[in-house]
Amino acid sequence: MPRYYIPLCWLWLLLFLPIGGAALAQDQAQPLPDKKDKAKPADDQDKDKEPAPKPLPQLSPEARYDYQGEATFILQNLFQFPSPYAGPNSFRSRQETELSHTYTLYLGARVVNNLEVYVNPEIAWGNGISEGQGLAGYTNGDLIGQPSLRPEPYLARYFVRWRIPMRHIGAHAGGEHIREVQAGRSPNVIAGDIPAHRLVVTVGKMSIADIFDVNSYANNPRTQFMNHAFGNNLAYDYAQETRGYDLGAAVVWVNPTWAVRFGTFAMPTSAGGPDLAYDWQHDHSEQIEGEIHPQLLRWKNAPPTIVRLLAFRNVGDMGQYRDALAAQQAGLPPDITTVQRQGAVKYGFGLNF
């Protein structure tokens, strides 16, 4: 590791670690539990007059900008174990201790009401045990399983988020008003009032898991479960480049008790590769997700249950395992790259609650 990276590492840590890192907060349908809806109750409204739409508040300088930082250190040890069938990509049987560490800045600006821009510079250093290979459910979900990547800063995310307020029909005929909820401050979320009924458009570079298959308990290996198998639904083979991010757009229709999400993103030109391509005939990835909040718990002030049903479809340069097995040559391992074809389709479904 070049020596000039070390001072940069500790500079980022000292400047931004006191701010603290947290799991990426999303534009979910539910408001924060400790905040009340700011809409005026229907019973308190003048029944003889149609309520005027509530104007969005003027932004203070503090509400226009936000910066936060996150530093993650994961130290793991592996002891030697019996491994009689080791191959080139097997989990290596050896006494080994490895440290991985990542540093991220979350920089955001609210350009105008409901329009925000975010940029996330990031750097990833260190290694994982067995160089990140040999396990499907890898023990360090923050590790990029590609030891050939250069340890240089990169832009993990850069995207624009536009919230479009949607009018909600109140209890009285013609009683339209804009309801608001409080969005708490968190990485890539500027605190402030946002419409409770809204259409959210996000365009740029991000992780698909920032928007789809989000779960309050299993969505971020830096603050929750470290094992890759618990990061997201294992059936969800979402598109991403080597570092775990992608280019695309998503539209989310959010209401207090339900939400619908749709997104279209680029596909990597090779499995786990660094290059992305978007071509409607050969390379693209779509996902759609519906979310509902049934009140299954009956005690007073019980939070709603959140249920999400997801479907995805990837189109890219891919092959099928059964074809690779059929084409296997005697004495050689099967090679899926020999049966790849353009426009191959992979799809799947997931349930998240």
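Before reading on, note that the structure itself is shown above.
Residues numbered from 1 in each chain as written. Predicted model: local features only at pLDDT ≥ 70, side-chain atom pairs only at ≥ 80, totals over all residues. Heavy atoms only, no water.

Draft legend 1. Representation of the overall build of the protein chain in the model. Broken down by element type, the protein chain carries three helices and 16 strands. Accessible area of the protein chain: about 19800 Å², with a carbon and sulfur share of 59%. (Helix = DSSP H or I, 4+ residues; strand = E, 2+ residues; numbered from the N terminus. Areas by Shrake-Rupley, 256 points an atom, 1.4 Å probe, with all protein chains shown as cover.)

Draft legend 2. A look at the pairing of strand E9 (residues 198–206). Along E9, seven of the nine residues are buried, which leaves the element largely enclosed by surrounding structure. Bridge count for strand E4 (residues 154–165) against E9 is eight bridges, and the pairing is antiparallel. Bridging from a neighbouring strand, Phe 159 pairs with Gly 204 of E9. Bridge count between E9 and strand E10 (residues 246–254): nine bridges; the pairing is antiparallel. Counterpart to Arg 198 in the pairing with E10 is Val 254. (Buried < 20%, exposed > 50% of the residue type's maximum accessible area, 1.4 Å probe, protein only. Pairing = 2+ DSSP bridges.)

Draft legend 3. Structural context of the nonpolar core. In terms of nonpolar packing, the biggest core is built from 21 residues, with Ile 208, Ile 211, Phe 212, Tyr 236 and Phe 265 touching the most fellow members. Those elements that provide at least two residues to this core are E9, E10 and strand E15 (307–318). Leave out the neighbours within four places in its chain, and Ile 208 touches Tyr 236, Tyr 238, Ala 239, Asp 246, Phe 265 and Gln 287. (Core = buried A, V, L, I, M, F, W, Y, C linked by side-chain atoms within 4.5 Å. Contact = heavy atoms within 4.5 Å.)

Draft legend 4. Molecular detail of the side chain of Asn 255. Examined against the element boundaries, Asn 255 turns out to sit in the loop between E10 and strand E11 (258–265). Side chain to side chain, Asn 255 and His 197 meet in a polar contact 2.5 Å long. (Polar contact = N/O pair within 3.5 Å; in protein donor to acceptor, adjacent residues only side chain to side chain.)

Draft legend 5. View of the sheet that holds E9. Overall, antiparallel pairing links the ten strands, which are arranged E1-E2-E3-E4-E9-E10-E11-E14-E15-E16 in an open sheet. The open sheet has two free edges, formed respectively by strand E1 (65–78) and strand E16 (341–352), since each of these has just one partner strand. Between one strand axis and the next, the sheet turns by 15° as a mean value, whatever way the strands run. (Axes fitted to C-alpha atoms, helices over the stretch in contact; angles between N-to-C directions.)

Draft legend 6. Main features of the pattern of salt bridges. All told, the structure shown has 15 salt bridges when counted by the stated rule. As a salt-bridge pair, Glu 131 and Arg 92 come within 3.6 Å of each other at their nearest N and O atoms. Remark: Arg 92 occurs in the loop between E1 and strand E2 (96–112) and Glu 131 occurs in the loop between strand E3 (115–126) and E4; sequence separation between them is 39 residues. Looking at Arg 92, the relative accessible area reads 30%, which means it is partly exposed. Put simply, Glu 96 and Arg 94 hold a salt bridge, and the shortest N to O gap is 3.1 Å. For Glu 96, a relative accessible area of 6% translates into the label buried. Overlapping salt bridges, with partners in common, bring together Glu 70, Glu 122, Asp 142 and Arg 222 in one network. (Salt bridge = Lys/Arg side-chain N within 4 Å of Asp/Glu carboxyl O.)

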